[in-house]
Amino acid sequence: MNTVKIILNSLRIIKNFPKMLKHDIFWTYFQLRRSRLIKTKESELAVLLVDSHVLEKGLTMPNRRLGFGQQRVRNLVKYINEYISNYDASPIQVQAALNDLAEYLAVHKKASFALPEDIVKGIENLMRYRLDEQENFSIPCTAESYFVEDVDFEKFSFSRRSLRHYSNDKVDIDRVIDAIRIAQNAPSACNRQATRVKIIQSKEAKEYVLSIQNGTRGFGHLADKILLVSTDMSNWAPVDRNSAFLDAGIFTMNLLYALHYKHIAACPLNADMGSKLVKEIHKRLNIPMSEIPVCFITIGNASKEFLVAKSQRIDIENVYSIV
Ligand SMILES: Cc1cc2nc3c(=O)[nH]c(=O)nc-3n(C[C@H](O)[C@H](O)[C@H](O)COP(=O)(O)O)c2cc1C
């Protein structure tokens, strides 16, 4: 870009700054901060769900390390006790967390691994609150059983999972491109089609992504490729900014289904990053400045046998309401 263009673009941005303020960017930020600071029943349940998910994810990791996550388990035991003393143990979020703790204990007992006394006691004390004492642990799968064929949409949808176990085999790039073609059928606001996908396959670029993404410990290095889904902001006005991310989200879900259909194991990953890191990504991955990362997806061929985290869903009554 030449200097005149840069100056003109900068002037345009400065001129539009009051409009940006008007479009409640700061108000949205304030709302998000506030909802994290004020504790409510819902926010406490949200913490339980996320923290127990990290534990259940750990339970399903390839090359699981015994004794992992002890501090996290202690925190989870504390949060559950606090929640039960304030409310009760009936919500699915509490039951899912209790179930994950039961599995954590069972896995270590089976392997005769001695966990610290306080952890064992803490978990055992909580077990009386489990409403369903049946084993409802991580799901064992094989590559054959995981990918279903000729089933209706409901069965297909329920068969997709975030899969974090990949074999050493390369995924044929044509299969990936074909999945992207299917994902293109996603609807988009005014048919903008502003979602872009980078297929990251060089060792150096993959290692870079894994070094800046915070959720791939224990499995990211096994992925054959990493996809970066982004939205091209040159398609959007400030007032449309939510649609930019919504469109990319709809596209991503379609892509996850398409990958599943193509028998490619996939796990979506957050791209929650500050502007400094986004700038660095533009440079390191050589992507245009107008493209804002929305999420990453690790992909690979599925291992022969693997465990899948349950990722229990909340009660449907919490999801919908009739007005
Ligand atoms: C936007 C988004 C970000 C995610 N980030 C991560 C991540 O950083 N690491 C990870 O292992 N899983 C990540 N996941 C996968 C979720 O943990 C998973 O989708 C959730 O537990 C539901 O499980 P399921 O996909 O197997 O149905 C992410 C999923 C989404 C949609």
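Our structure's up above, just so we're on the same page.
Residues numbered from 1 in each chain as written. Predicted model: local features only at pLDDT ≥ 70, side-chain atom pairs only at ≥ 80, totals over all residues. Heavy atoms only, no water.

Novice: Explain the packing of helix α4 (residues 70-86) against helix α6 (residues 117-126) to me, using residue names and the numbers behind them.
Specialist: Between α4 and α6, the shortest axis-to-axis distance is 10 Å and the interhelical angle comes to 30°. The chirality of how α4 crosses α6 is left-handed. Contacts between α4 and α6 involve Gln70, Val73, Arg74, Val77, Ile80, Asn81 and Ile84 from the former and Asp118, Ile119, Gly122, Ile123 and Leu126 from the latter. When its residues are assigned to classes, the contact of α4 with α6 shows seven nonpolar, three polar and two charged. (Axes fitted to C-alpha atoms, helices over the stretch in contact; angles between N-to-C directions. Helix = DSSP H or I, 4+ residues; strand = E, 2+ residues; numbered from the N terminus. Left-handed = near helix turned anticlockwise from the far one by under 90°. Contact = heavy atoms within 4.5 Å. Nonpolar A, V, L, I, M, F, W, Y, C, P; charged D, E, K, R; others polar.)

Novice: I'd love a proper account of the environment of Met289, names of residues and values included.
Specialist: Here Met289 shows up in the loop between α12 (275-284) and β5 (291-300). Given a relative accessible area of 57%, Met289 falls into the exposed group. In the structure, Met289 is positioned 56 residues away from Met233 in sequence and 8.9 Å away in space, judged by C-alpha atoms. Not counting chain neighbours up to four residues away, the residues in contact with Met289 comprise Lys279 and His282. (Buried < 20%, exposed > 50% of the residue type's maximum accessible area, 1.4 Å probe, protein only.)

Novice: Can you lay out the site of the ligand for me, pointing to particular residues and giving the numbers?
Specialist: Around the ligand sit 15 residues, and of these Lys57, Ser162, Arg164, Gly215 and Arg313 come closest. One of the side-chain nitrogen or oxygen atoms of Ser162 is found 2.6 Å away from an oxygen atom of the ligand. Measuring from an oxygen atom of the ligand, one finds a side-chain N or O atom of Ser311 at 2.9 Å. With respect to the pocket detection grid, the ligand is positioned in the second largest pocket. Elements that contribute at least two residues to the shell around the ligand include exactly α3 (41-59) and β4 (265-270). Among the elements that line the shell around the ligand, the one with the most residues is β4, at four residues. Residue composition of the shell around the ligand, by class: four nonpolar, six polar and five charged. (Near = heavy atom within 4 Å. Polar contact = N/O pair within 3.5 Å; in protein donor to acceptor, adjacent residues only side chain to side chain. 1 Å grid on protein atoms, 1.4 Å probe; cavity = no way out; pocket = protein on both sides within 12 Å on 5 of 7 lines; lining within 4 Å. Sits in = over half its atoms within 2 Å of the grid points.)

Novice: Help me get a handle on the nonpolar core, residues and values and all.
Specialist: Membership of the largest hydrophobic core comes to 29 residues, with the highest contact counts inside it found for Ile281, Leu285 and Phe296. Contributing elements (two or more residues each) for this core: α7 (143-146), α10 (203-212), β3 (225-232), β4, α12 and β6 (305-308). It is α10 that contributes the most residues to this core, four residues altogether. Counting 27 residues, the second largest nonpolar core, distinct from the first, contains Leu45, Leu59, Val77 and Val107. (Core = buried A, V, L, I, M, F, W, Y, C linked by side-chain atoms within 4.5 Å.)

Novice: So what's going on with unusual backbone geometry? Residues and values would help.
Specialist: Note: most peptide bonds trans; most residues except glycine with negative phi. At Ser112, a position not held by glycine, the phi torsion is positive, near 50°. Mapped onto the elements, Ser112 comes out in the loop between α5 (92-110) and α6. The residue Gln193 is not glycine, and still its phi comes out positive at about 55°. With respect to the helices and strands, the residue Gln193 is situated in the loop between α9 (173-183) and β2 (195-200).

Novice: Mind laying out empty space enclosed by the protein, listing which residues take part and the relevant values?
Specialist: Taken as a whole, this structure holds two cavities of 30 Å³ or more when the rule is applied. Of the volumes computed, that of the largest cavity is approximately 50 Å³. If you trace the largest cavity, you find it lined by Tyr146, Phe147, Arg160, Arg161, Leu256, His260, Ile264, Ala265 and Ala266. Among the elements of the structure, α11 (241-261) and β4 are those that each provide at least two residues to the lining of the largest cavity. Of the residues contributing to the lining of the largest cavity, the split by class is six nonpolar, one polar and two charged. Lining the second largest cavity, in full, are Thr60, Ser162, Leu163, Arg164, His165, Leu307, Val308 and Ala309. For the lining of the second largest cavity, the per-class residue count stands at four nonpolar, three polar and one charged. (Points joined across faces, edges and corners; volume = space filled by probe spheres on them.)

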